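Coordinate analysis (summary)
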Amino acid sequence: MDPEIKTLLEKNLALNQENNQLLKKMNRRAKFGSIMHLIYWLIIIGFSVGSYYFIQPYINQLISTYSSIQTGVDNFNSFNPFKK
């Protein structure tokens, strides 16, 4: 085998090995990024559900207060002392 071709093949092999290492690192980082993105969204959804669970009694109280006020207003509007 020609020595020039042999050196070119060795350089090519070294470059291919380096590229393989870089591609493996890139793949590992992409997987890690996907996992971190999933964890990020799980935390956001968890906080949303948790805050709704925490605030739900206050929301129910506001809804019942609004319903009683609306009933009172409806009763007031239906009362007409000048009706014959």
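Criteria and thresholds
Residues numbered from 1 in each chain as written. Predicted model: local features only at pLDDT ≥ 70, side-chain atom pairs only at ≥ 80, totals over all residues. Heavy atoms only, no water. Helix = DSSP H or I, 4+ residues; strand = E, 2+ residues; numbered from the N terminus. Rg over C-alpha atoms; globule rule 2.2 N^0.38 Å. Areas by Shrake-Rupley, 256 points an atom, 1.4 Å probe, with all protein chains shown as cover. Expected span 1.5 Å × (residues − 1). Bend = angle between axes of the 7 residues up to and from the residue. Patch = residues over 30% accessible without salt bridge, like charges linked within 9 Å, V, L, I, M, F, W, Y side chains within 5 Å. Salt bridge = Lys/Arg side-chain N within 4 Å of Asp/Glu carboxyl O. Phe/Tyr/Trp six-rings, centres within 6.5 Å; stacked < 30°, edge-to-face > 60°. Buried < 20%, exposed > 50% of the residue type's maximum accessible area, 1.4 Å probe, protein only. Lys, Arg positive; Asp, Glu negative; His and termini not counted. Charge placed at Lys NZ, Arg CZ, Asp CG, Glu CD.

**Quick look at the overall build of the protein**
From N to C terminus, the protein includes one helix and zero strands. Compactness check: the protein gives a C-alpha radius of gyration of 35 Å against a globular reference of 12 Å for 84 residues, more than 25% above the reference. Overall, the C-alpha framework of the protein stretches about 120 × 25 × 10 Å when taken along its three principal axes. Here the protein has roughly 8,400 Å² of accessible surface; of this, 66% comes from carbon and sulfur atoms.

**With respect to helix α1 (residues 3-78)**
Helix length check: α1 (76 residues) gives 106 Å between terminal C-alpha atoms against 112 Å at 1.5 Å per residue, within 8%. Along α1, the largest kink reaches about 50 degrees and is centred on Ile55; proline Pro57 follows within four residues of it.

**Some words on a nonpolar patch on the surface**
Together, Phe32, Ile35, Met36, Ile39, Ile43 and Phe47 give the surface a local cluster of nonpolar side chains, amounting to about 630 Å² of exposed area. Relative to the helices and strands, Phe47 resides in helix α1.

**As for the packing of aromatic side chains**
Counted under the stated rule, the structure contains two aromatic pairs. Residues Tyr40 and Trp41 carry aromatic rings whose centres are separated by 5.5 Å and whose planes lie at 80 degrees to one another, so their mutual orientation is edge-to-face. Residue Tyr40 is classed as partly exposed on the basis of its relative accessible area of 47%. When the ring of Phe54 is compared with that of Tyr58, the centres are 6.5 Å apart and the planes differ by 65 degrees; the resulting orientation is edge-to-face. Here Tyr58 and Phe54 lie together in helix α1, a separation of four residues that amounts to about one turn.

**Looking at a positive patch on the surface**
On the surface, a cluster of positive charge is contributed by Lys24, Lys25, Arg28 and Arg29. When you line up the elements, Lys24 lands in helix α1.

**Remarks on the environment of Gly50**
Locating Gly50 in the fold gives a position in helix α1. Judged by its relative accessible area of 34%, Gly50 falls in the partly exposed class.

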